[in-house]
Amino acid sequence: MAKPIEIGLVLEGDDARRFHKYMENPKITKEGRELIREAIKIAKKEKLYA
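Remember, it's a predicted structure, so these values are computed and weren't measured experimentally.

### Describing the overall build of the protein chain
- The helix and strand tally for the protein chain stands at 2 helices and 0 strands.
- For 50 residues, the compact-globule estimate of 2.2 N^0.38 gives 10 Å, and the protein chain exceeds it by more than 25% at 17 Å.
- Counting over 50 residues, the protein chain shows a buried share of 4%.
- Counting 12 positive and 9 negative side-chain charges, the protein chain places the averaged centre of each group 8 Å from the other.

### Overview of the pattern of salt bridges
- Applying the stated criterion across every chain, the model contains 2 salt bridges.
- One salt bridge in this structure joins D15 and R18, with 2.5 Å as the shortest N-O distance. Here R18 and D15 lie together in helix α1 (residues 13-24), a separation of 3 residues that amounts to about one turn.
- Here the salt bridges share partners, and the residues they tie into one network are D14, D15 and R18.

### Here's the deal with helix α2 (residues 30-45)
- Spanning 16 residues, α2 covers 23 Å between terminal C-alpha atoms, matching the ideal 22 Å at 1.5 Å per step.
- A positive backbone phi angle near 60 degrees is found at K47, which sits one or two residues after α2.

### Things to note about the environment of M23
- Tracing the sequence through the fold places M23 in helix α1.
- As for M23 and V10, which are separated by 13 residues in sequence, their C-alpha atoms are 15 Å apart.

Here is what the cut-offs are and how they apply
- For every chain, the first residue of its written sequence is number 1, and the numbers climb from 1 along that sequence.
- Totals for whole chains, interfaces and linings use every residue, but because this is a predicted model, local features are given only for residues with pLDDT of at least 70 and side-chain atom pairs only at 80 or more, for both listing and counting.
- To get the side-chain values, all heavy atoms of the structure are used, and hydrogens and water are removed first.
- Strands are runs of DSSP state E lasting at least 2 residues, helices are runs of H or I lasting at least 4, and numbering of each runs from the N terminus.
- Note on method: radius of gyration uses C-alpha positions; expected globular size equals 2.2 Å times residues raised to 0.38.
- Remark: exposure states derive from per-residue accessible area (1.4 Å probe, protein chains only) relative to the maximum for the residue type, with buried under 20%, exposed over 50%, and partly exposed in between.
- Think of it this way: Lys and Arg go in the positive column, Asp and Glu in the negative one, and His and the chain ends go nowhere.
- Note on charges: their place is set at NZ of Lys, CZ of Arg, CG of Asp or CD of Glu.
- By salt bridge we mean one thing: a side-chain nitrogen of Lys or Arg within 4 Å of a carboxyl oxygen of Asp or Glu.
- By this rule, a helix spans an expected 1.5 Å times one less than how many residues it contains.

This is the structure:
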């Protein structure tokens, strides 16, 4: 049986607080939106997305 992969990354202190705050309200750039739209188009074309 395969062993689970352990990432080993642990955020502490201010880094952990900033990451948690970002994850509650992530910001997406215009370029990020365009990448997501392009990924959806490709997924639809390849019949990976309904």
